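Chain by chain, the residues run as shown.
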Amino acid sequence: MADFYSVRKNNVLCKMKEKKVDTLLVADPKGIRYLTGLNNDPYERMYLLVLESDGKMKVFANRLFNLKADIDIDIDIDFVLYSDSDNPVEILAKECRLAGSVGIDKIWPACFLLPLMQLKPASSFLLASSCLDECRACKDENEIQKMKEASLINDRVMEKALAFVKGGMSEKELASFIDREFIAEGADGPCFETIVSFAANAADPHHSPAGTELKEGDCILIDMGCSKDGYCSDMTRTVFYKSVPTKLQEIYEIVQRAQETAESFVKAGVRLCDVDAAARNIIGAAGYGKYFTHRLGHFCGQTDHEAGDVSSANTGGCKPGMIFSIEPGIYLPDVGGVRIEDLVMVTDTGCVPLNHVDKNLKVIV
């Protein structure tokens, strides 16, 4: 098991060399877990992995977390533990050389960074999250397997949710059912707030489930994902109850065509902005461009939204092992909305969808 941690560390070290970073300070608990297997939520306390260009690693943590007992693999890590009465930044400056160029994680709080900068231990500080983010973007086999398992659970729960739909139920009732079924199917739980939107509420892409009750002719937009063994799934399906209004049937067919076209466009070497354009051009040509209000997709992994996206601004290329969402939508105020979303994994010749729930227009009767 330790082998893939070594590969991950070496990949990050290569990025550090490329970006001229002498020391990398990793504050994101997910980033630390990626490199070491340690799983910890530090709350407000300083929690930091220091990675030197020679490969040496030190983890700074409050001793109440007892991290040494949590690590069960053979990885060479030095632990520096402190108490609540200690000044962890001063300990960091004393314990680590921090000379030359020091790369800082984008999420490290200013309450730690600014005092460290005042101690002037380095010749320069720079934002260097990309050293880790670019490596995490391409999933290894261990991660891919976990994400496939999480997506299979998502498939099963979506099918259960669609079978559970009945007239007069509320958005909250359906969302709560989904969350319970995640646990019943072996997931750790939802990895973001389950979105259930009926009728006009579906025109809000991030609507929070409320007391709105389902009635005939409503669209039902469900955006859901779970976490399993530390990795996430994400999927959206839009269905209809009893009947389909003409306007919503029209936009459903457009969104489905845009989603499937974009998926077919994905393969190693294709620019992410061009994948976005493949879907956006279809929606725009149909006259609904201003109602597609968000990027086409986001990267996914240990968190539902990881660094990286599928948008007009991202000119980077697809690489094998990347996993991201393809989720075009059309949102008509006071009418409703349609979004269809899969997670896809990039391969050399195309992509592999991680979701398998049917995307054809469905009317629940």
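What you are looking at is a predicted structure, and each value in this text was computed from that prediction instead of being measured.

**Section: the pairing of strand E15 (residues 323–326)**
The alternating pattern of E15 places Ile-323 and Ser-325 on one face and Phe-324 and Ile-326 on the opposite face, and all of these are buried. Taken together, the four bridges between E15 and strand E18 (residues 342–346) define a ladder with antiparallel strand orientation. When the bridges of E18 are listed, Ser-325 appears paired with Leu-343.

**Looking at the packing of aromatic side chains**
Taken as a whole and assessed by the stated rule, the structure comprises six aromatic pairs. When the centroid spacing of 3.9 Å and the interplanar angle of 5° are considered together, the rings of Phe-164 and Phe-177 count as stacked. Placement of the pair is Phe-164 in helix H7 (residues 141–164) and Phe-177 in helix H8 (residues 171–184), with a sequence separation of 13 residues. The exposure class assigned to Phe-164 is partly exposed, which follows from its relative accessible area of 24%. The exposure class assigned to Phe-177 is buried, which follows from its relative accessible area of 11%. Measuring from ring centre to ring centre gives 6.0 Å for Phe-240 and Tyr-252, while their planes differ by 65°; the resulting arrangement is edge-to-face. On the criterion of sequence distance, the pair formed by Phe-240 in strand E12 (residues 235–241) and Tyr-252 in helix H9 (residues 246–265) is long-range, its members being 12 residues apart. Directly above the aromatic system of Phe-292 lies the positively charged group of Arg-280, at a separation of 4.0 Å from the ring centroid.

**Details of the nonpolar core**
Core analysis: the biggest nonpolar cluster contains 36 residues, and Val-266, Val-275, Leu-296, Phe-324, Ile-326 and Ile-330 have the highest contact counts within it. When contributions to this core are tallied by element, the ones reaching two or more residues are strand E9 (219–224), H9, helix H10 (272–285), E15, strand E16 (329–332) and E18. Among the elements that make up this core, the one with the highest residue count is H9 (seven residues). When near neighbours in sequence (up to four residues on either side) are disregarded, Leu-296 contacts Ala-262, Val-275, Asp-276, Ala-279, Arg-280, Val-310, Ser-325, Ile-326, Glu-327 and Pro-328. By size, the runner-up hydrophobic cluster in this structure holds 27 residues, among which are Leu-13, Val-59, Phe-79 and Leu-132.

**Details of the pattern of salt bridges**
Pairing between side chains of opposite charge can happen when their charged atoms approach one another. This structure, assessed with the given rule, holds 25 salt bridges. Linking Asp-140 and Arg-8 is a salt bridge whose minimum nitrogen-to-oxygen distance equals 2.8 Å. Of this pair, Asp-140 sits in the loop between helix H6 (130–136) and H7 while Arg-8 sits in helix H1 (residues 2–18), and the two are 132 residues apart along the sequence. One salt bridge connects Arg-45 with Asp-84, and the closest N-O pair in it is separated by 2.9 Å. Of this pair, Arg-45 sits in the loop between helix H2 (29–36) and strand E2 (48–52) while Asp-84 sits in the loop between strand E4 (78–82) and helix H4 (88–95); the two residues are 39 residues apart in sequence, bridging distant segments of the chain. Under the relative-accessibility criterion, Arg-45 is labelled partly exposed at 21%. Via salt bridges that share partners, Asp-28, Arg-136, Lys-139 and Glu-306 belong to a single interconnected network.

**Observations regarding the side chain of Asp-105**
Looking at the secondary structure, you find Asp-105 in the loop between strand E5 (101–104) and helix H5 (110–118). Look at Asp-105: it is buried, it has no salt bridge, and the nearest opposite charge is Lys-106 at 4.9 Å. Sequence-distant contacts of Asp-105, that is, excluding residues within four places in its chain, are made with Leu-25, Val-26, Ala-27, Asp-28, Leu-127 and Ser-129.

**Focus on the sheet that holds E9**
Judged by pairing direction, the sheet is mixed, and its four strands sit side by side in the order E8-E9-E12-E20 without closing on themselves. What marks the edges here is a single partner per strand, and that holds for strand E8 (195–198) and strand E20 (363–364). Sheet contacts for H8: E8 and E9; angle to E8, the most-contacted strand, approximately 150°.

**Observations regarding the environment of Phe-299**
The topology assignment puts Phe-299 in strand E13 (residues 297–299). A relative accessible area of 2% means that Phe-299 is categorised as buried. Along the sequence, Phe-299 and Arg-136 sit 163 residues apart, while their C-alpha atoms lie 9.9 Å from each other. Discounting residues that sit within four places of it in the chain, Phe-299 has contacts with Ala-137, Leu-272, Asp-304, His-305, Glu-306, Ala-307, Gly-308, Asp-309, Met-322, Ile-323 and Phe-324.

**Observations concerning H9**
For H9, with 20 residues, the first-to-last C-alpha span of 29 Å sits near the 28 Å given by 1.5 Å per residue. The set of residues buried in H9 consists of Leu-248, Ile-251, Tyr-252, Ile-254, Val-255, Gln-256, Ala-258, Gln-259, Ala-262 and Glu-263.

**Examining a nonpolar patch on the surface**
A surface patch of nonpolar side chains, about 250 Å² in accessible area, is lined by Leu-361, Val-363 and Val-365. By secondary structure assignment, the location of Val-365 is in the segment after E20.

Rules and cut-offs
- Residues numbered from 1 in each chain as written.
- Predicted model: local features only at pLDDT ≥ 70, side-chain atom pairs only at ≥ 80, totals over all residues.
- Heavy atoms only, no water.
- Buried < 20%, exposed > 50% of the residue type's maximum accessible area, 1.4 Å probe, protein only.
- Helix = DSSP H or I, 4+ residues; strand = E, 2+ residues; numbered from the N terminus.
- Pairing = 2+ DSSP bridges.
- Phe/Tyr/Trp six-rings, centres within 6.5 Å; stacked < 30°, edge-to-face > 60°.
- Lys NZ or Arg CZ within 6 Å of the ring centre and 35° of its normal.
- Core = buried A, V, L, I, M, F, W, Y, C linked by side-chain atoms within 4.5 Å.
- Contact = heavy atoms within 4.5 Å.
- Salt bridge = Lys/Arg side-chain N within 4 Å of Asp/Glu carboxyl O.
- Lys, Arg positive; Asp, Glu negative; His and termini not counted.
- Axes fitted to C-alpha atoms, helices over the stretch in contact; angles between N-to-C directions.
- Expected span 1.5 Å × (residues − 1).
- Patch = residues over 30% accessible without salt bridge, like charges linked within 9 Å, V, L, I, M, F, W, Y side chains within 5 Å.
- Areas by Shrake-Rupley, 256 points an atom, 1.4 Å probe, with all protein chains shown as cover.

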